[in-house]
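Inside the fold
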Amino acid sequence: MKKFAAGVMLGFVASWAVAFASPNVSHNGSFWNRLNGAAKDGYVNGYSDAMRVSVGKLDVLNSAADLFHWKGARRIIHQLSGQLSMSDVSANQAVKRLDELYSNQKYSELDLGEALQTLSIRANETAMPVAPVKSAK
């Protein structure tokens, strides 16, 4: 039992040391500007995939809201899913807009995830609404 406890402690200390020894990477404008074109495309595509999975998980919240009769939950969840969705911004558009944003040194400390969410929200707000179809009489 002492050997097991010693092994657990040794594993804990080793994982703690590795965690604190790893470099702290900030995903901001400086990080973005160091990436090449393929890495930028990959980053945006990966972020979009992660957001798509997150939006899919919101369906579980809708079920819980129905089960527990949470008032206003559907409206909040719908708004949140719109803010997380990257469907209104293509990867090429996102890369181009991020390049433009981070070309200004003033925005170099802005977190990359926050910048992508802002781009997505702006795209949702400026998207053309679907025109109602007139019925023929």
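The rules we used
Residues numbered from 1 in each chain as written. Predicted model: local features only at pLDDT ≥ 70, side-chain atom pairs only at ≥ 80, totals over all residues. Heavy atoms only, no water. Helix = DSSP H or I, 4+ residues; strand = E, 2+ residues; numbered from the N terminus. Buried < 20%, exposed > 50% of the residue type's maximum accessible area, 1.4 Å probe, protein only. Contact = heavy atoms within 4.5 Å. Areas by Shrake-Rupley, 256 points an atom, 1.4 Å probe, with all protein chains shown as cover. Core = buried A, V, L, I, M, F, W, Y, C linked by side-chain atoms within 4.5 Å. pLDDT = per-residue confidence, 0-100. Patch = residues over 30% accessible without salt bridge, like charges linked within 9 Å, V, L, I, M, F, W, Y side chains within 5 Å. Salt bridge = Lys/Arg side-chain N within 4 Å of Asp/Glu carboxyl O. Phe/Tyr/Trp six-rings, centres within 6.5 Å; stacked < 30°, edge-to-face > 60°.

With that out of the way, let us pick up the overall build of the chain. Along the chain, the regular secondary structure elements total 6 helices and 0 strands. Listing every helix and strand of the chain by position from the N terminus yields α-α-α-α-α-α. Out of the 137 residues in the chain, the part that is buried amounts to 23%. Of the contacts made within the chain by residues no fewer than 6 positions apart, 66% connect residues no fewer than 24 positions apart. Within the structure as shown, the chain displays about 10,400 Å² of accessible surface, and the carbon and sulfur contribution to it stands at 61%.

Moving on to the side chain of Asn 28. With respect to the helices, strands and loops of the structure, Asn 28 is situated in the loop between helix H1 (2-21) and helix H2 (29-34). A relative accessible area of 10% means that Asn 28 is categorised as buried. Aside from chain neighbours lying at most four places away, what touches Asn 28 is Tyr 102, Ser 108, Glu 109, Leu 110, Asp 111 and Leu 112.

We now examine the nonpolar core. One finds Trp 32, Val 44, Leu 98, Tyr 102, Leu 112 and Leu 116 to be the most contacted residues of the largest nonpolar core, which totals 21 residues. Elements with a minimum of two residues in this core: H2, helix H3 (37-68), helix H4 (73-84), helix H5 (91-102) and helix H6 (112-126). Once residues lying within four places of it in the same chain are set aside, the contact partners of Trp 32 are Lys 40, Tyr 43, Val 44, Val 95, Leu 98, Asp 99, Tyr 102 and Leu 112.

Bringing the confidence of the model for the chain into the picture now. For any part of a model where pLDDT is low, the fine detail of the predicted coordinates should not be relied upon. Averaged over the chain, the pLDDT score is 78; the fraction of residues at 70 or greater is 80%. Averaged pLDDT values for the elements of the chain fall to 68 in H1 and rise to 90 in H5. Below a pLDDT of 50 lies the segment residues 128-133, which in the model reaches 0 contacts outside its immediate sequence neighbourhood of four places, other chains included.

Further remarks concern a nonpolar patch on the surface. Judged by side-chain polarity, Leu 61, Leu 67, Phe 68 and Trp 70 come together as a nonpolar surface patch covering roughly 460 Å² of accessible area. Looking at the secondary structure, you find Leu 61 in helix H3.

Before going further, it helps to examine the packing of aromatic side chains. Inspection of the entire model under this criterion finds 2 aromatic pairs. Relative to Tyr 43, the ring of Trp 32 lies with its centre 6.4 Å away and its plane at 80°, an arrangement referred to as edge-to-face. Here Trp 32, found in helix H2, pairs with Tyr 43, found in helix H3; they are 11 residues apart in sequence, far enough to count as distant. Aromatic ring contacts, followed pair by pair, group Phe 31, Trp 32 and Tyr 43 into a single cluster.

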